[in-house]
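# Geometric and topological summary
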Amino acid sequence: MKDEWFNVAYSPPREEGWTRHQENVAKPPFSERTGWSLTRKISCVRTPRLRRLRWASPKFSWRRSHPSSRGGECVAIKNVLLLSFALVFAFAVTSAAAQETKPKPDISGFWELRFDSKNIPQASLNARVTPKDIEAHRQKDLMAIRWCNFLGVPALMEQSPVDIRQGRIEIAFVAQPVSVARHVYTDGRGHVNPDIFDPTTNGHSIGRWEGDTLVVDTMGFAADRGITSIPGGGYKTTTTHLTERYRLLNGGKQLSVTFTWEDPNVFAKPHTYEFRYYRAPKDINARNWSCDPFDEDRARFLTQLPRE
Amino acid sequence: MRRTIAAILAFFLLSGLSWAQRGRSVPDLTGFWERKDAAGSGSFGGIDAKIPKAVLVPGVQTASVGGPQSPTPAGDATPHKPGDPYIVTNGRCGGGMPFMMGHSAALDIVQTSDEVLIIPEMPGTRHIYMDGRPHPPLDVLEPSTVGHSIGRWEGDTLVVDTIGLLAGGGVPGGGQRSPATRLVERYRLLDGGKQMSITFTWQDPKIYAKPHTYEYIYYKDPPDTYALEEWCDSSDPLQRQSIVPPEQRR
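Residues numbered from 1 in each chain as written. Chains lettered and ligands numbered in written order. Predicted model: local features only at pLDDT ≥ 70, side-chain atom pairs only at ≥ 80, totals over all residues. Heavy atoms only, no water.

## As for the state of the cysteines
Residue and element names in this part refer to chain A.
- Scanning all chains against the criterion turns up one disulfide over all chains.
- Between Cys 148 and Cys 291 runs a disulfide, and the two sulfur atoms are separated by 1.9 Å. Taking the torsion about the S-S bond as the criterion, the Cys 148 to Cys 291 disulfide, at about -80°, is left-handed. Of this pair, Cys 148 sits in the loop between helix H6 (131-146) and strand S3 (162-166) while Cys 291 sits in the loop between strand S10 (271-279) and helix H7 (296-303), and the two are 143 residues apart along the sequence.
- Cys 148 gets classed as buried once you look at its relative accessible area, which sits at 8%.
- With a relative accessible area of 28%, Cys 291 lands in the partly exposed category. (Disulfide = S-S within 2.5 Å. Helix = DSSP H or I, 4+ residues; strand = E, 2+ residues; numbered from the N terminus. Buried < 20%, exposed > 50% of the residue type's maximum accessible area, 1.4 Å probe, protein only.)

## Focus: the confidence of the model for chain A
Residue and element names in this part refer to chain A.
- Per-residue confidence for chain A gives a mean pLDDT of 79, with 67% of residues at or over 70.
- Counted against residues more than four places away or in other chains, residues 1-14, with its pLDDT under 50, gives 25 contacts.
- Across residues 33-74, where pLDDT falls below 50, the model places 31 contacts with residues more than four positions away in sequence or in other chains. (pLDDT = per-residue confidence, 0-100. Contact = heavy atoms within 4.5 Å.)

## Examining the side chain of Ser 108 of chain A
- Within the fold, Ser 108 of chain A resides in the loop between helix H5 (72-101) and strand S1 (109-112).
- At 2.9 Å, the side chain of Ser 108 of chain A forms a polar contact with the backbone nitrogen of Gln 166 of chain A.
- Apart from residues lying up to four places away in sequence, Ser 108 of chain A is in contact with Ile 164, Arg 165, Gln 166 and Arg 279 of chain A together with Thr 112 of chain B. (Polar contact = N/O pair within 3.5 Å; in protein donor to acceptor, adjacent residues only side chain to side chain.)

## Quick look at the packing of aromatic side chains
- Taken as a whole and assessed by the stated rule, the structure comprises 13 aromatic pairs over all chains.
- Ring geometry for Phe 200 of chain B against Tyr 216 of chain B: centres 5.2 Å apart, planes inclined by 70°, an arrangement best described as edge-to-face. Of this pair, Phe 200 of chain B sits in strand S9 (residues 195-203) while Tyr 216 of chain B sits in strand S10 (residues 212-220), and the two are 16 residues apart along the sequence. Judged on exposure class, the residue Phe 200 of chain B and its partner Tyr 216 of chain B are both buried.
- Their ring planes at 75° and their centres at 6.2 Å tell us that Tyr 216 of chain B and Tyr 218 of chain B sit as a pair that is edge-to-face. In terms of burial, Tyr 216 of chain B and Tyr 218 of chain B fall into one category: buried.
- Each residue in the set Phe 259, Tyr 273, Phe 275 and Tyr 277 of chain A is aromatic and connected to the rest through ring pairs, giving one cluster.
- Its guanidinium or amino end placed over the ring of Tyr 129 of chain B, Arg 133 of chain B lies 4.0 Å from that ring's centre, counting from NZ or CZ. (Phe/Tyr/Trp six-rings, centres within 6.5 Å; stacked < 30°, edge-to-face > 60°. Lys NZ or Arg CZ within 6 Å of the ring centre and 35° of its normal.)

Here it is, written out as structure tokens:
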């Protein structure tokens, strides 16, 4: 059953017994694919253009500078290439060093929400969204909590604390309740082709820095998994798009996150709200909350009206 | 002229190399890592069979490899009686230790100076604190599926020490765990960073007669790998299945 389940969960389908990246490994290297050549030689032939240049400047002679060289034009080409390479390399090193001297903000840490952390206006919903739709999502969310489903975004971002770790190629977000971690890729990649991406509770997120602000773009939400309601009104669908802007405040003691939700099927106009997280003490330990969907007392508490 | 250019190139090359070396005093485990089934069975049965059997203290019951969705341990050779139903999956979702480290789905490692995250495609991310903090005392530590982990670098090896795991079985090679059980893992890159070795050593004088050690090899996934989500819904009847073994023909 496990194998069948995996075949359903992974997209595209995999060969029997292969990991999902073994197909990539099996592809020929780029150098052997049609249209690519990494072994093309630079020929040292006398080109008419260089000959004309040398002829036009009789005072300048590569041959005089390099009496032992095989040919003036050939040496010229090589020298120009070498110098270009050196300049490009020097530019890369110095620009990288400049980047290093001006590091990006580091939002790593445990971040807490407090009583005054949320500013959530009412969402302006599309006229086609009915109260019945909203109620259906509320009931579904209740069942998601009752059955210990993965929370997903945005509910994951409403937990406290959230552990954010800014790594080399991605920023990870980990909450304490039952939920898979959130991955925000910051290595310059684009979104996965929606045709092959299996929607998830967190969606697919990519991030980039605009000055001191981290801008995160998310798509690929699952419409039927986890908690789908959005703070302020509305809910996630497979066409929902989220843009977040992360900015450190108050010397790094606070983290401002503005969430902007867009979905022509749900919102009449983009719905924006802001959370301000407070940095937790460094020595805090993450807790891993357990959740038992077969705890009948818990199930009754969540699904029945409280007794007076 | 050639010598000058060569000198310029050498200068920039050396300065570039020295710049690249800065901040890389420890190996970088960042990325997605997957176990591969070298035997080709697709179930890790071949490579898991090579894990040495744990030597347990007399009276401690052996528990084979199993996960949260496999109350009946996978690979358990104990025959089930005909007509006697047994549970295959009990509907409980989630991962945790040590199941997640042996799972076929990729593990994502996010490495920072203060903390290393090991993220599975299911709930139960491991937080490995690298800031020198000790474990909390056992009497105040709340046991969890991933326990409490602290790490340090010993040369090129990341040494991770974990306590506070929930009591249960599922230790490869047969064995149990309790909150007081200590798991020491040693992470080491191999083959120029294409592979990663983790040796697991379980120690608990109340469970193991001697430390129980085994090794997993993981393979680095391509840089553009992205995380999937191992969805599991306990309300789904398919997550709760039992089997009634039929009478066997003689």
